[in-house]
Structure formats: C-alpha cells, structure tokens
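Commentary on secondary and tertiary structure
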Amino acid sequence: MHPSFYRSAVIHSTAVREYDWAENFIENYTDELQPEYVDNMKYFSLAVVKFARGDFEESLQYVSKVKYDFVRLKTDVKFLMLKIYYELNLEDPAHFLIDTFKHYASDSKEISEDTRISVKNFLKHYSQLHKLKNTHKSSEVEFIRKTMDNEKLLYHKDWLLEKANELALNIK
C-alpha cells in the first residue's frame, strides 16, 4: 500500500470522527506498507487518532517518534505538533517550531509554491491565535476569523477557525 493512501485513510476517517475505524485500519493495514514506512506511518497515524480523541499528551508521545521518510510527512508532523502545542499551552516549543517551519517552508525545494503559501498562512494565523489566547481581545479574534475565512490557501483552516471560535466564546 502506498503511504499517501494509508495517510489519507487515517486523516479522513478521523475528520469524520470514525476513530474506531481508523484504529482498526492502523492495526490491520500497517503491515501492508513497504517495510521502510511501517513504523513512521504507524506512529504518525496513532498520533492523529489520539489527537482527534483529545488525548494530546499521548499524541505528542507518538508524533515525537516519527522520522520523516517522505515529504508529505514532514509537513504533517509539524502541523500536528503545533496543534498539540496549542492544545497543551506549550508556548516555547511552539515558538521554536514556528521558526523552524517558516525556514523549511521558505527554503525547501521539496514543496510547491501553493504549499509554501498555505504553510505561511497557517503559521501567521496560528501565531495570532496563540498570542490572543493570553491577551483576550475579542475585536482581534473577529478580525482574524474573517481574514482566515477569506484565505484561499490555508492548511488546517477548519481547525484554525474552530480555535478562533473557541477564543471568541471564552473572551465574551
């Protein structure tokens, strides 16, 4: 099985809240991957499911074991780690990873221009939300939410909007 198909099956099943299905898929089909992908895809997939279930610390443990063995996994892992850091309020690791990810997106020859823009837009909005989490300025949350809504190239847009909506509710 190709790692991209495997990855998509796990990501899409968790997006529709089919966590048990995703876990069964991981258990039953990981060995169908080429041997060099088995461990990393399993760790990444388990991290995705644990994150979706709200078990952020366990998700972080799994994602920390992943080594990047194909391009898409590099960005996937960085996005997932940032989302975990946000949920766990881990500011220092988040700031470090934002900087690392910015450099990767700017310098990498492995990613397309659309991916580069989508990553930069995600990092911009993620940083804004992360900052607002502590400042509690409702007018800024609404502005960021509208800006994100209008972005054409933005990875994890639904998640960012969800976090903006949570901030808006908590600030009122």
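Placed above this text is the structure.
Quick look at the structure, then.

Quick notes on the rules
Residues numbered from 1 in each chain as written. Predicted model: local features only at pLDDT ≥ 70, side-chain atom pairs only at ≥ 80, totals over all residues. Heavy atoms only, no water. Salt bridge = Lys/Arg side-chain N within 4 Å of Asp/Glu carboxyl O. Helix = DSSP H or I, 4+ residues; strand = E, 2+ residues; numbered from the N terminus. Buried < 20%, exposed > 50% of the residue type's maximum accessible area, 1.4 Å probe, protein only. Axes fitted to C-alpha atoms, helices over the stretch in contact; angles between N-to-C directions. Parallel < 35°, antiparallel > 145°, perpendicular 65-115°, else oblique. Contact = heavy atoms within 4.5 Å. Nonpolar A, V, L, I, M, F, W, Y, C, P; charged D, E, K, R; others polar. Left-handed = near helix turned anticlockwise from the far one by under 90°.

1. Some thoughts on the pattern of salt bridges
Opposite charge on two side chains lets them pair, provided their charged atoms get close. Evaluation of the coordinates by the stated rule reveals 12 salt bridges. The salt bridge involving Lys-74 is made with Glu-110; its shortest N-O contact spans 2.8 Å. Taken as a pair, Lys-74 in helix 5 (residues 71–87) and Glu-110 in the loop between helix 6 (91–107) and helix 7 (113–135) lie far apart in primary sequence, 36 residues in all. The exposure class assigned to Glu-110 is partly exposed, which follows from its relative accessible area of 40%. Residues participating in the shared-partner salt-bridge network are Glu-87, Glu-162, Lys-163 and Glu-166.

2. Structural notes on the packing of helix 1 (residues 3–15) against helix 3 (residues 38–52)
In the contact formed by helix 1 and helix 3, the axes pass within 9 Å of each other and the chain directions differ by 10°. Here helix 3 runs roughly parallel to helix 1, going by the angle between their axes. Of the residues in helix 3, those touching helix 1 at Pro-3, Tyr-6, Arg-7, Val-10, Ile-11 and Thr-14 are Met-41, Lys-42, Phe-44, Ser-45, Val-48, Val-49 and Ala-52. When its residues are assigned to classes, the contact of helix 1 with helix 3 shows nine nonpolar, two polar and two charged.

3. Examining the packing of helix 7 against helix 9 (residues 157–171)
Viewed as axis vectors pointing N to C, helix 7 and helix 9 meet at an angle of 20°, and their least axial separation amounts to 11 Å. Relative to helix 9, the element helix 7 lies roughly parallel. Crossing angle aside, the handedness with which helix 7 passes helix 9 is left-handed. Contact residues: helix 7 offers Phe-122, His-125, Tyr-126, Leu-129, Leu-132 and Lys-133, while helix 9 offers Trp-159, Leu-160, Lys-163, Ala-164 and Leu-167. Split by residue class, the contact of helix 7 with helix 9 holds eight nonpolar, one polar and two charged.

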